[in-house]
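Close look at the chain arrangement
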Amino acid sequence: MRCPLRLFSTLLICSWALTACRSGDRAAADARLTLADALAADTTGYARALAPRAFRFPTDHGPHPGFKVEWWYVTGHLSTPSGRPFGFQFTVFRNALAPTAVPSSSPWATRQLYFGNLALSDIAQGRFYADERFARGDGRLAGAELPLRVWLDTWALQGTRTGFPLTLQADGEGFALSLTLDSLKPLVLQGEGGLSQKSDAPGNASYYYSYPRLAARGTVTVGGDTLPVSGQAWLDREWSTSALGKDQVGWDWFSLQLDSQEELMYYQLRGRDGTPAPTSSGTWVTTTGAAEKLTRPDVTLTPTGRWTSPTTGATYPSGWRLEVPSKGLDLTLTPRLPDQELPLSVHYWEGAVAVAGRRNGKPITGQGYVELTGYDTTAAARPR
C-alpha cells in the first residue's frame, strides 16, 4: 500500500494471472480472485523483512531486487493560481516473478514485472481519471536504478544523486502530470525503525519510509488544457515479500497533512469480521519532523457514511471521524469526490480528502489521501 501495504495484492494478482495464462489455465485466469488468494504467494527464496535494518541513502531510494515486491508511491493536492483544486496519485510497483534469474540467452529474459497506477481527481469538475501501465523489467520498457530513476513506458520518477528535487512525468487517457517535487521535511522511518509489521507472522512486514511533506509545482493537463499548478505531496517507499495474515482481508490507509505543519499516517488492517487487527499502526510527525509511533489503541476510526460503486458493487466507507486522544486530535475526513474508485485491473478506492476538526481544543484543517482495499464484492478482484 502507497500506503502501508500499497496494493501488494495488485502485483501478486498480475503475476498470478500471467502464470495461469502461461500454463494454459484460462479458467483459472478468468476466475474471480480474492485478496487472500493474491496474498498467498510463494515466498521461498526471497528476502524477508524480519527485523529492523540500517537504512542507507540514497541507495535505499533505488530497487531491492532480493524482495518480491516494492513500490514508489506519490499522492498530493494541487491547485491552479485561480484556486482550481486537484488530487493526484502516481505509483510504480516492481514485482519479482522468481527469486533468482533463470539463465537465458534471450535479450527478453527477465524475472521482473513493473506495474503502475495513475489517477487525477478534478474536484471542481467532479471528474475522476485513472489509468495503468504494465511492462516487463527490460531497460527499454521499465526499470529502476540509481541515481533514482523509476520508469514505466512514458512514466518516470527521477531524482538527483542526493535525492531531491524529483521530477514526475506521467500521462493517461485524457490527462497528464508534469511535476517537480522537493522535500519540506526530513524522511520518516515508519513502524519500528522502518520495519512495518502487518501481521503477527514473522516476515509479514515491509521496510517502509516516507517523505510526509513535499512541495509540488508544475502542470496538470486535463480536458485539452495544460494548467500551471502548485501544492503539496507525500512520498511513500516500501519493499516486502509478504504482508497480510490468513485472517486479514484488507486495510484502510490514511496520510494526513495538517495546516499546523504536523502529519499523521495510520493504517487499519481488517479481519474477516471487520474488526481492526492488533498490528494496525501509524505515525505522528511533529512540526520538527520527529516521528512518534501510534498503535491500534491510540487511534479510534469511525466511518460516518458509505458509498456503493456503480461499477463494481463494492460498498466503501465514505467519510470518517479519526480520534487520537493522546494528541488532542479529533478530525473529520470528507472525500473531495465520492467516486474515487480506480476502475482498473484491480479495483480499489483511493482519493483526496478534506480534513477539519480540533487539536487540543482549537480548530484545525488540512488535507489527506485515503486508500481502501478488501471491500470488493463482484468484479473487483478479477484480472481483465
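Relevant structure appears above.
Here's what I pulled together on the structure shown here. Since this is a predicted model, take the numbers as computed values, not measurements.

Rules used throughout
Sequence positions are assigned chain by chain, starting from 1 and proceeding in written order. The predicted origin of the model limits local features to residues at a pLDDT of at least 70 and limits the giving and counting of side-chain atom pairs to 80 or more, whereas totals for whole chains, interfaces and linings rest on all residues. Working from all heavy atoms in the structure, the side-chain values ignore hydrogens and water. Secondary structure is summarised from DSSP: a helix means a run of H or I of at least four residues, a strand means a run of E of at least two, and numbering begins at the N terminus for each. Three exposure classes are used, based on accessible area relative to the maximum for each residue type with a 1.4 Å probe and protein chains only: buried under 20%, partly exposed in between, and exposed over 50%. Only heavy atoms enter the contact rule, under which two residues are in contact if any of them lie within 4.5 Å. A pair of strands counts as paired when DSSP detects no fewer than two bridges linking them. Salt bridges are identified by distance alone: a Lys or Arg side-chain nitrogen within 4 Å of an Asp or Glu carboxyl oxygen. Note on aromatic contacts: the rings of Phe and Tyr and the six-membered ring of Trp form a pair at centre separations within 6.5 Å, being stacked when their planes are under 30 degrees apart, edge-to-face when over 60 apart, and tilted otherwise. Two conditions define a charge sitting above a ring: the NZ of Lys or the CZ of Arg must be within 6 Å of the ring centre, and it must be within 35 degrees of the ring normal.

**Some thoughts on the side chain of His 77**
Along the chain, His 77 falls in strand E1 (residues 69-79). Since its relative accessible area comes to 7%, His 77 is described here as buried. Filtering out sequence-adjacent residues up to four positions away, His 77 remains in contact with Phe 86, Phe 88, Ser 230, Gly 231, Gln 232, Ala 352, Val 353, Gln 367, Gly 368 and Tyr 369.

**Re the pairing of strand E25 (residues 362-372)**
One ladder, built from seven bridges, connects strand E14 (residues 248-258) with E25; its direction is antiparallel. Note on E25: the bridge partner recorded for Leu 258 is Gly 366. As consecutive antiparallel partners, strand E24 (residues 348-359) and E25 are separated by two residues, and within that stretch Asn 360 has a phi angle of approximately 55 degrees, a positive value.

**What to know about the pattern of salt bridges**
Should the charged atoms of two oppositely charged side chains come close, the side chains can pair. For the structure on display, the rule yields 18 salt bridges. Its salt-bridge partner being Arg 94, residue Glu 70 comes within 2.9 Å of it at the nearest N-O pair. You can see Glu 70 sitting in strand E1 and its partner Arg 94 sitting in strand E2 (residues 85-96), a full 24 residues away along the chain. Among the ionic pairs, Asp 122 bridges to Arg 84, the shortest N-O distance being 2.6 Å. Linking Asp 122 in strand E3 (residues 112-122) with Arg 84 in the loop between E1 and E2, this pair joins segments that are 38 residues apart in sequence. For Arg 84, a relative accessible area of 23% translates into the label partly exposed.

**Structural notes on the packing of aromatic side chains**
By the definition in use, this model includes 20 aromatic pairs. When the ring of Tyr 129 is compared with that of Phe 175, the centres are 5.6 Å apart and the planes differ by 35 degrees; the resulting orientation is tilted. Of this pair, Tyr 129 sits in strand E4 (residues 127-136) while Phe 175 is found in strand E9 (residues 175-183), placing the two residues 46 residues apart along the sequence. Relative accessible area serves as the criterion here: at 3%, Phe 175 is assigned to the buried category. Arranged with centres 5.4 Å apart and planes meeting at 85 degrees, the rings of Phe 254 and Trp 320 form a pair that is edge-to-face. Remark: Trp 320 occurs in strand E21 (residues 320-324) and Phe 254 occurs in strand E14; sequence separation between them is 66 residues. In this structure, Phe 254 and Trp 320 share a single accessibility class: buried. In textbook terms, an aromatic cluster arises when at least three aromatic residues are bridged by ring pairs, as seen for Phe 55, Phe 57, Phe 67, Phe 164, Tyr 207, Tyr 209, Tyr 211 and Trp 239. We note Arg 53 situated over the ring of Tyr 207; from NZ or CZ to the ring centre the distance is 5.5 Å.

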